[in-house]
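Chains, contacts and geometry: an overview
Listed here are the chains, written in short residue letters.
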Amino acid sequence: MEQLTAADQQKRTDLRKMKLVATSFLIGATIIFFGTHAFEGAWVGYVRAAAEAGMVGALADWFAVTALFRRPLGLPIPHTAIIPERKAVFGQTLGDFVGVNFLSPEIVQDKLRRAGIAERAGAWIKQPDNAERVTNELSNVLKGAITVLKDEEVQAVVEQAIVKRVTAKPWGPPLGKLLQQVLTDGAHHKLVDLMCDRAYEWVRDNSDKVSLIVTDRAPTWSPKFVDALLGDKVYTELVNFAWAVKTDVNHPMRLAVDQFLIEFSGDMQTDEATMQRAEQVKQQVIGHPDVQKLISSAWGTAKKMLIDAAEDPSSELRRRVTQGLITLGTNLTDDPELRAKVDGWLEQAAGYVVGNYRAEITTLITDTVERWDAEETSRKIELQVGRDLQFIRINGTVVGALAGLVIYTVANVLF
């Protein structure tokens, strides 16, 4: 059984009341018409003529209104039950009407141009409360999208689309090119300085270890005091050497490191052996259990971070989104050039969609109407407009009576 909303129930009640009122006019005209036969007098003819014409008008308009939705009295009269019988034609006509009068690129673009969407949207979104509201909605959308996604499917996409693409290409040439650019810009000097500083500090603070190395490597027949003197000498030379490398930017050791890095960056791009070793290192890195574990848990970690950030009103992500929306709204209201660009993009996008997909949009209307049940469609349309159509019946009774009265009066005057 058809389920009606409260509004539809009210419309159905109102329709029944108006049908009763319109029928009452017909019944009233009928009673007057037959009742006048019991009286005699000059005035009776005028009343009878008005009542008779009112009956005819009421019946004619009842037939016209009823014929829109069903066959009057169930009789197979041609050109009745118009809506159920010609539903598909109405759908096609409605689709064509909408396509021609509403979905032309010129009309849509003109409407958007006069609407000033960019300025109105900017004025609304730059309000902090509105920006926060949009951020909340975006957070809900983000959480919903993440929740719908299946972890195993996303993980498979990550591995297929990202990891395999990264590992499919050789690492040697791009890394060599990157290293070459770093060397050209001199950005590596700070790293070399750090290494030299750490090397000097280690040598300076580990004299006992240097002496121990010398003592362990000395011959067994060597006197201990000689080993100690030699160890101190080696330590002093190492400290002086490390200090020289640390303080002299043009030290031969530094220059040798630069030369080695330059040659190595070139070999990574051109030398087959070096590139092959880079590929071996890549496979070792990717195949390492810790790296594989990191890749497997990447989506889970990212998912948790996104959900936590979306749920926390004070998270950095939400604060940045809100501030970005406020800034965008301010720019849209204060910058005419940006506003004109946004409006232009909207007009072009709408014109493109309407120009290229108008047929598909109107087909949505015609196909939807075509799928409707004919009788159900007739009932729904009658429920929406039937109450107003009952006034046609009322007017038909009144106008018919007046017309009959005028015609009877003119006939008596003339004949």
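What counts, and where the lines are drawn
- Residues numbered from 1 in each chain as written.
- Predicted model: local features only at pLDDT ≥ 70, side-chain atom pairs only at ≥ 80, totals over all residues.
- Heavy atoms only, no water.
- Domains from an automatic or database assignment.
- Axes fitted to C-alpha atoms, helices over the stretch in contact; angles between N-to-C directions.
- Helix = DSSP H or I, 4+ residues; strand = E, 2+ residues; numbered from the N terminus.
- Parallel < 35°, antiparallel > 145°, perpendicular 65-115°, else oblique.
- Contact = heavy atoms within 4.5 Å.
- Nonpolar A, V, L, I, M, F, W, Y, C, P; charged D, E, K, R; others polar.
- Phe/Tyr/Trp six-rings, centres within 6.5 Å; stacked < 30°, edge-to-face > 60°.
- Buried < 20%, exposed > 50% of the residue type's maximum accessible area, 1.4 Å probe, protein only.
- UniProt positions renumbered as here; feature names shortened; annotations may be inferred.
- 1 Å grid on protein atoms, 1.4 Å probe; cavity = no way out; pocket = protein on both sides within 12 Å on 5 of 7 lines; lining within 4 Å.
- Points joined across faces, edges and corners; volume = space filled by probe spheres on them.
- Lys, Arg positive; Asp, Glu negative; His and termini not counted.
- Salt bridge = Lys/Arg side-chain N within 4 Å of Asp/Glu carboxyl O.
- Expected span 1.5 Å × (residues − 1).

Entries for the protein in the domain assignment read domain 1 (6-80 + 373-414) and domain 2 (165-287). Once you take the C-alpha centre of each, domain 1 and domain 2 turn out to be 106 Å apart.

To continue, consider the packing of helix 13 (residues 252-270) against helix 14 (residues 272-287). Contact geometry for helix 13 and helix 14: axes closest at 6 Å, N-to-C directions at 85 degrees. By the criterion of interaxial angle, the relationship of helix 13 to helix 14 is roughly perpendicular. Two secondary-structure elements touch here, helix 13 through Phe-264, Asp-267, Met-268, Gln-269 and Thr-270 and helix 14 through Glu-272, Thr-274 and Met-275. Considering only residue class, the contact of helix 13 with helix 14 consists of three nonpolar, three polar and two charged.

Now for the packing of aromatic side chains. With the rule as written, the count across this model stands at five aromatic pairs. Where Phe-33 meets Phe-34, the ring centres are 5.1 Å apart and the plane angle is 75 degrees; that geometry is what we call edge-to-face. The class for Phe-34 is exposed, based on a relative accessible area of 54%.

Further remarks concern the environment of Lys-177. Mapped onto the fold, Lys-177 is located in helix 9 (residues 172-185). Lys-177 sits in the exposed class, given a relative accessible area of 58%. Put simply, Lys-177 and Met-268 are 91 residues apart on the chain and 8.2 Å apart in space, counted from C-alpha to C-alpha.

Turning to the UniProt feature "transmembrane region" (unreviewed entry) in the protein, a few remarks are in order. Using the residue numbers shown here, the UniProt feature "transmembrane region" (unreviewed entry) corresponds to residues 20-39 and 391-411. Spanning residues 20-39, this segment combines 80% helix with 0% strand, and its end C-alpha atoms are found 29 Å apart. In residues 391-411, the share of helix is 100% and the share of strand is 0%. The end C-alpha atoms are 29 Å apart.

In this structure, the largest pocket occupies an estimated 170 Å³ of space. The wall of the largest pocket is formed by His-188, Leu-191, Val-192, Met-195, Cys-196, Val-245, Met-253, Arg-254, Val-257 and Leu-261. At the level of secondary structure, the elements contributing two or more residues to the lining of the largest pocket comprise helix 10 (189-205) and helix 13. Across the lining of the largest pocket, the residue classes break down as eight nonpolar, one polar and one charged.

This next bit is on the side chain of Arg-339. With respect to the element layout, Arg-339 can be found in helix 18 (residues 336-371). No salt bridge is formed by the buried Arg-339, whose closest oppositely charged neighbour, Glu-119, lies at an N-O distance of 4.0 Å. Filtering out sequence-adjacent residues up to four positions away, Arg-339 remains in contact with Ala-118, Glu-119, Leu-332, Thr-333 and Asp-334.

Enumeration according to the criterion identifies 13 salt bridges in this entry. Between Glu-382 and Lys-19 there is a salt bridge; the shortest N-O distance is 3.2 Å. Placement of Glu-382 in helix 19 (residues 374-414) and of Lys-19 in helix 1 (residues 6-35) is noted, with a sequence separation of 363 residues between them. Relative accessible area serves as the criterion here: at 7%, Glu-382 is assigned to the buried category. Under the relative-accessibility criterion, Lys-19 is labelled partly exposed at 30%. Beyond isolated ion pairs, a larger network of salt bridges with shared partners links Asp-110, Arg-113, Arg-114 and Glu-347.

For helix 1, with 30 residues, the first-to-last C-alpha span of 43 Å sits near the 44 Å given by 1.5 Å per residue. Turning to helix 1, its buried residues are Asp-8, Leu-15, Met-18, Ala-22, Leu-26, Ala-29 and Phe-33. Close packing links the buried residues of helix 1 with helix 2 (42-69) and helix 19.

In this structure, Gly-91 sits in helix 4 (residues 87-101). Taking the relative accessible area as the measure of exposure, Gly-91 reaches 1% and is therefore buried. As a C-alpha pair, Gly-91 and Thr-363 span 272 residues in sequence and 9.3 Å in three-dimensional space. Filtering out sequence-adjacent residues up to four positions away, Gly-91 remains in contact with Ile-365, Thr-366 and Val-369.

At a minimum axis separation of 8 Å, helix 6 (residues 117-125) and helix 18 run at an interaxial angle of 120 degrees. Considered as vectors, helix 6 and helix 18 are oriented oblique to each other. Contacts from Ile-117, Ala-118 and Glu-119 of helix 6 reach helix 18 at Arg-339, Val-342, Asp-343 and Leu-346. Considered class by class, the residues forming the contact of helix 6 with helix 18 number four nonpolar, no polar and three charged.

Further remarks concern the side chain of Glu-347. Its place among the elements puts Glu-347 in helix 18. On the accessibility criterion, Glu-347 (14% relative accessible area) is buried. Aside from chain neighbours lying at most four places away, what touches Glu-347 is Gln-109, Leu-112 and Arg-113.

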